[in-house]
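Below are the chains, spelled out letter by letter.
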Amino acid sequence: MNQLTQTGDKQTPEATQPLNENSTLKVLLDTLRRLTRQPLGLLGLILVCSVIFSALFAGVIAPYDPVALDILNRLQPPSAEHWLGTDQLGRDTFSRVLYGGQIALQVALSSIALALGFGLILGLLAGFGPRWLDNIILTLFDVVRSFPTIIFALAVVTLTGPSIGTIVLVVVVTSIPIYGRVVRTQTQALAQQEFILAERAMNASMPRILFRHMLPNVIGQLLILASMDIPIVITIEAGLSFLGLGIQPPTPSWGSIINDGYSFIRNTPWPIIAGGLPLIITTLGFTFLGESLRDIFDPKLRKDV
Amino acid sequence: MTHNTTQVKGQAEQDNIITVNNLGVQFEVAGGRVSGLKDVSVNVPRGQIVGVVGESGSGKSTLIYTLTQLMADNAIVASGTAKMDGADLLTKSPREMQALLGDDIAMVFQDPMTTLNPVFSIEKQMTDIQYRLDIPYQEKRQRAIDALDRVGIPNPELRLPRFPHEFSGGQLQRISIAMALMARPKVLIADEPTTALDASLEVQIIELLKELQAEIGCSMIFVSHHLGVVGTLCDYTVVMYHGDVVEQGPTRDVFNRPQHSYTKRLLACDPARIKERSKRLPTMNSDGLEQIEIPAGSYLASQLEQAQPASDTGKQSQPLLDIDELRIRFPMQGKLAALLSGNKDPYLHAVKGVSLTVDRGETLAIVGESGSGKTTVAQAIQGLNEPWSGAIHFQGRDLLSLSARERGKTRRDIAMMFQDPISSLSPRMKISDLITEPLVIHGLPFDSREQEARRLLQIVGLPLHFADRYPHQLSGGQARRVGVARALAQSPKLIVADEPTAGLDVSVQGEILNLLNQLQEDLGIAILIITHNLNIVRHVADRTLIMNMGDIVEQGETETIFADPQHAYTRQLLDANIHADPV
């Protein structure tokens, strides 16, 4: 009780001082501060930061050239020279994992950011716009979802040739409907609420209602969805690379490290472990981060107000 | 706990079914404990009705939920005992409590729309709750039919297989009561069972509860913030305030000879008990006559200076708002489907030719039950639905013929207050952003959002640090004030207030109405109040308009209508209105 009144008192002097307008930097710092207060959020932040750091500075950290062959020392277990052992061609797995992180993050972050953005806009329009627009957008979603991802990827690769860009394109197109549908359903539910009616009564414009009032209410669920999608996208990249539709050898990616490992699993489990570990770390990191971010963005879930 | 035993023995002679002694309940929250109940002692005599009154947050719900062990997980019983027929209710295991609930203790909740499971038929729900009885299904079904018949559901046999959404709110509450009483409980606990219902339904439900209680001979705990209802129904009244029982005794004594100052003020606040018509209502903390200052520098203050001459001359010219033969219908079927099924009139006619005028600085009340079309009229004024025919003139301009852009500009002069104070506020926005939003939308001059927000908070009497709060952190009364602040921000000429006092206790209700009234005097704002609460209409409205089923049945000066109602429906409404004095 005492503590309660104390925090209550603290707010008052703060409020009487002129508050500066919420700058982006202030919001960012505030979010970071809240994030580090939650144990899981802090863990997620550390994991995600270390993954990003190791990918960015792969060139500096990596002890070997990731594509340098050393056939004599193939399929080595972890040792002082090769921290995560070597693969079937004697390449240093640790260096390959670091460089593979670059590919994984490039593909995952860019494709999910794009898919989220397009999905958000299309979903808001479908949910709040006129009915004919809703019908068109939904039909488009259904058409896209009716293609199996791999078949769709095959078609795109045939037209454009294998590259990172192709993988991103395939992932973006096939994930837009997932985000779009979530946003559309949420938006439709929100549109029935009295506060949207109140905004309309105040003559709030459609973009204002969509982006100032609807968006903050749907972004939380999307962040969770996105953070859980990151590992899925990394596996799609791995799968496409395995089929020869994605990253071309000898460029390392986590997917190709695991796939290479499968062929030699009778000889040594280390390549699979080495390729799987960063995948697990990244998945956990982004999931924790996503969940904590949702809690922060939703004032109702904030525990510290 | 030993010192309580003597008390319990002493009171047992009165034949109380439930005895609560020195009950203290605390809530564990981040950073400590908050007290929910302080040393509460209440007795429920066998076969009698005990009413628990108090404003929101007074602990009345905490009391009944503690008795039934339905408290939130963070609640802790700090002291005291609660016994039913000598058996301790607080130490019962969940299994023992389960055996008791629905058998010896039954409950009726506030909102009948949400207490019944929407995916099961009434038949399924009513036969399921008889699972303790070892009788064949047909017999259970027959008992359900009898129970529905008893609570006044017409054609119970036919309606039994229906689903909750196929019943009206009043009927659903009757069904909840039927379900609660089917087990013939010893104690019925009713938590604000009429708050979600219209005035005339309220009377019916209360009559029903009274009848059934007498028939079954059970005891009843009736929780309400509505003084009139408690006065009408209950044998004993318990008045709660801040987790404390401040007064209890036979209802007649409590209402006629209140001892505690809180009870006295509470009774004095009830507009139904104020005989003289008065635009300013007393509240808990004041006599309602104090003036609110409009802070200098605010947008409102700048309008105030200009408003003075305008309000003098405005009266003689045309009315501010003039609605002529407004008709609104909603399609019930698609056009093609209607054509195919031969339905020539596939519409719900919500408003059937309504004409009304509102003058500058005047208060008009539209009174009617839910479904009468009163909210539909209000929404049409602000362009939230499309009228089928008729005209709405505002300041001489025909709103319906304006382009969307021009129409938008007129919204600057009309503000709307919505029925649900909390859900009409955008949940992810801070209060300071919410109340200044109209100024931003309409591009009106103001120096800074924070400054303007503070001035508005000052006007509506909220602490300044509320600027940084979010809607869900507000109580109903506080959210209502935020609604008023938002409606005032752009200094409108007309405020359309939809049920501005719904869910508020009498004191807060008085504060909100006084606030609106003073702003009306200062700024010459016209107010259109839409409500079913006749007690407040009598005090605040200059003119009253009674609506029923989309039609205006009667309109005129408020005093004339109350003194000499012409239409049968008006008389029915006035009769249904609950008067505060115990019968």
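These figures come from a predicted structure and were not determined experimentally.

A.B. asks: Lay out the overall build of chain B with the relevant residues and their values.
C.D. replies: When its secondary structure is counted, chain B shows 23 helices and 20 strands. For chain B, the C-alpha radius of gyration of 26 Å lies close to 25 Å, the compact-globule estimate for 583 residues. For the C-alpha atoms alone, the extent of chain B along its principal axes is close to 75 × 60 × 45 Å. In chain B, buried positions account for 47% of the 583 residues.

A.B. asks: Outline the overall build of chain A, listing residues and values.
C.D. replies: From N to C terminus, chain A includes twelve helices and zero strands. Taken from N to C terminus, the helices and strands of chain A fall in the order α-α-α-α-α-α-α-α-α-α-α-α. Across the 305 residues in chain A, those meeting the buried criterion constitute 38%. The long-range fraction of contacts in chain A, counting pairs at least 24 apart against all pairs at least 6 apart in sequence, stands at 68%.

A.B. asks: Run through the pairing of strand β17 (residues 494-498) of chain B, naming residues and quoting values.
C.D. replies: All names here are of chain B. Within β17, five of the five residues are buried, leaving the element largely enclosed by the surrounding structure. Burial of the side chains of β17 extends over both faces: Leu-494, Val-496 and Asp-498 are buried on one face and Ile-495 and Ala-497 on the other. For strand β16 (residues 414-417) and β17, the ladder comprises four bridges, and the chain directions are parallel. Residue Ala-415 lies in a different strand from β17, and its bridge partner there is Ile-495. Bridge count between β17 and strand β18 (residues 526-531): five bridges; the pairing is parallel. Within β18, the position partnered with Ile-495 by the bridge is Ile-527.

A.B. asks: Give a detailed account of unusual backbone geometry, specifying residues and quantitative values.
C.D. replies: Located in the positive-phi region is Leu-75 of chain A, a residue other than glycine, with phi close to 50°. Structurally, the position occupied by Leu-75 of chain A is in the loop between α4 (58-61) and α5 (93-128).

A.B. asks: Could you give an account of the nonpolar core, naming the residues involved and the relevant values?
C.D. replies: In this structure, Ala-485, Leu-494 and Leu-528 of chain B are the most contacted members of the largest nonpolar core, which totals 144 residues. The dominant element in this core, judged by the number of residues it contributes, is α5 of chain A, at 16 residues. In this structure, Leu-494 of chain B is in contact with Leu-320, Leu-321, Val-358, Asp-413, Ile-414, Ile-525, Ala-526 and Leu-528 of chain B, ignoring residues within four places of it in sequence.

A.B. asks: Quick one: what's the story with the environment of Val-351 of chain B, residue by residue and with numbers?
C.D. replies: Residue and element names in this part refer to chain B. Relative to the assigned elements, Val-351 resides in strand β12 (residues 347-358). Remark: the alpha-carbon pair of Val-351 and Val-377, spanning 26 residues in sequence, is separated by 7.1 Å. Those residues within four positions of Val-351 in sequence are excluded, and the remaining contacts are Leu-326, Arg-327, Ile-328, Gly-373, Thr-376, Val-377 and Gly-550.

A.B. asks: Tell me about the packing of helix α17 (residues 431-441) of chain B against helix α18 (residues 449-459) of chain B, and name the residues and values.
C.D. replies: Residue and element names in this part refer to chain B. Two elements in contact, α17 and α18, have axes separated by 9 Å at closest approach and are oriented at 100°. Accordingly, the angle class assigned to the pair α17 and α18 is roughly perpendicular. In this structure, α17 contributes Ser-432, Ile-435, Thr-436 and Leu-439 to the contact, and α18 contributes Arg-449, Glu-450, Glu-452, Ala-453 and Leu-456. Here the residues of the contact of α17 with α18 are counted per class, giving four nonpolar, two polar and three charged.

A.B. asks: Quick one: what's the story with the sheet that holds β18 of chain B, residue by residue and with numbers?
C.D. replies: Residue and element names in this part refer to chain B. Judged by pairing direction, the sheet is mixed, and its six strands sit side by side in the order β16-β17-β18-β13-β19-β20 without closing on themselves. Each having just a single partner strand, β16 and β20 (551-557) make up the two edges of the open sheet. Across the sheet, the mean angle separating the axes of adjacent strands is 15° when strand polarity is ignored. Bridge count between strand β13 (residues 363-367) and strand β19 (residues 543-548): four bridges; the pairing is parallel. Residue pairing in the sheet places Ala-365 in a bridge with Thr-544 of β19.

A.B. asks: Lay out the domain arrangement of chain B with the relevant residues and their values.
C.D. replies: Entries for chain B in the domain assignment read domain 1 (109-184) and domain 2 (425-491). Inter-centroid distance (C-alpha atoms) of domain 1 of chain B to domain 2 of chain B is 44 Å.

A.B. asks: Before we move on, can you summarise the confidence of the model for chain A with the specific residues and values?
C.D. replies: Atom-level detail of predicted coordinates should not be read off regions where pLDDT is low. Residue and element names in this part refer to chain A. Taken over all residues, the pLDDT of chain A has a mean of 81, while the share at 70 or more is 90%. Confidence, expressed as mean pLDDT per element, reaches its minimum in chain A at helix α1 (residues 2-16) with 37 and its maximum at helix α6 (residues 131-146) with 92. Contacts from residues 1-21, a stretch scored under 50 in pLDDT, to residues over four places away or in other chains number 19 contacts.

A.B. asks: Give me the packing of α17 of chain B against helix α19 (residues 476-488) of chain B: which residues, what numbers.
C.D. replies: Residues and elements named next belong to chain B. In the contact formed by α17 and α19, the axes pass within 6 Å of each other and the chain directions differ by 35°. Side by side, α17 and α19 meet where Ile-431, Leu-434, Ile-435 and Pro-438 of the first sit next to Val-482, Ala-485 and Arg-486 of the second. Class assignment of the residues belonging to the contact of α17 with α19 gives a composition of six nonpolar, no polar and one charged.

A.B. asks: For α19 of chain B, give the residues involved together with the corresponding values.
C.D. replies: With 13 residues, α19 of chain B extends 18 Å between its outermost C-alpha atoms, agreeing within 8% with the 18 Å of an ideal straight helix rising 1.5 Å per residue. Three or more residues of α19 of chain B are buried, namely Gly-477, Gln-478, Ala-479, Arg-480, Arg-481, Val-482, Gly-483, Val-484, Ala-485, Arg-486, Ala-487 and Leu-488 of chain B.

A.B. asks: With reference to specific residues and values, describe the sheet that holds strand β2 (residues 32-45) of chain B.
C.D. replies: Residues and elements named next belong to chain B. If you trace the four strands from one edge of the open sheet to the other, you get β2-β1-β4-β5, paired in antiparallel fashion. Taken across any chain shown, the strands that pair with only one partner, and hence form the sheet edges, are β2 and β5 (87-88). Taken together, the two bridges between strand β4 (residues 75-84) and β5 define a ladder with antiparallel strand orientation. Residue Met-84 lies in a different strand from β5, and its bridge partner there is Ala-87. Across the sheet, helix α2 (residues 60-67) touches β1 (16-29), β2 and β4, and the angle it forms with β2 is around 75°.

A.B. asks: Could you give me a rundown of the confidence of the model for chain B, with the residues and numbers involved?
C.D. replies: Residues and elements named next belong to chain B. The predicted model of chain B averages 84 in pLDDT, with 93% of residues at 70 or higher. The low-confidence segment residues 1-12 (pLDDT under 50) makes eleven contacts with residues lying over four places distant or belonging to another chain. Under a pLDDT of 50 for its full length, residues 309-315 has, in the predicted model, eight contacts with residues more than four places off or in other chains. Predicted complex metrics record ipTM = 0.72 and pTM = 0.75.

A.B. asks: Hey, could you go over the pairing of β2 of chain B for me, with residue numbers and the actual values?
C.D. replies: All names here are of chain B. Here β1 pairs with β2 via ten bridges, running antiparallel. Pairing of Phe-27 across the sheet is with Val-34, part of β2. Hairpin remark: β1 followed by β2, antiparallel, with two residues in the connecting loop; positive phi at Gly-31, about 90°.

A.B. asks: Describe in detail the environment of Met-417 of chain B, supporting the description with residues and values.
C.D. replies: All names here are of chain B. Note that Met-417 resides in strand β16. Judged by the 26 C-beta atoms lying within 10 Å of it, Met-417 falls in the buried class. Met-417 sits 112 residues away from Ile-529 along the chain, and the two C-alpha atoms are 9.5 Å apart. Residue contacts for Met-417: discarding those within four places in its chain leaves Gly-483, Val-484, Ala-487, Ile-495, Ala-497, Asp-498 and Pro-500.

A.B. asks: Describe the environment of Asp-270 of chain B, with residues and values.
C.D. replies: All names here are of chain B. Take Asp-270: it is sitting in the loop between α12 (261-269) and α13 (299-314). We classify Asp-270 as buried; it has 23 C-beta atoms within 10 Å. Between the C-alpha atom of Asp-270 and that of Leu-513, which follows or precedes it by 243 residues, the distance is 13 Å.

Rules behind the numbers
Residues numbered from 1 in each chain as written. Chains lettered and ligands numbered in written order. Predicted model: local features only at pLDDT ≥ 70, side-chain atom pairs only at ≥ 80, totals over all residues. Helix = DSSP H or I, 4+ residues; strand = E, 2+ residues; numbered from the N terminus. Rg over C-alpha atoms; globule rule 2.2 N^0.38 Å. Buried ≥ 20, exposed ≤ 12 C-beta atoms within 10 Å, placed from the backbone. Contact = placed C-beta atoms within 7 Å. Pairing = 2+ DSSP bridges. Core = buried A, V, L, I, M, F, W, Y, C linked by C-beta atoms within 7 Å. Axes fitted to C-alpha atoms, helices over the stretch in contact; angles between N-to-C directions. Parallel < 35°, antiparallel > 145°, perpendicular 65-115°, else oblique. Nonpolar A, V, L, I, M, F, W, Y, C, P; charged D, E, K, R; others polar. Domains from an automatic or database assignment. pLDDT = per-residue confidence, 0-100. Expected span 1.5 Å × (residues − 1).

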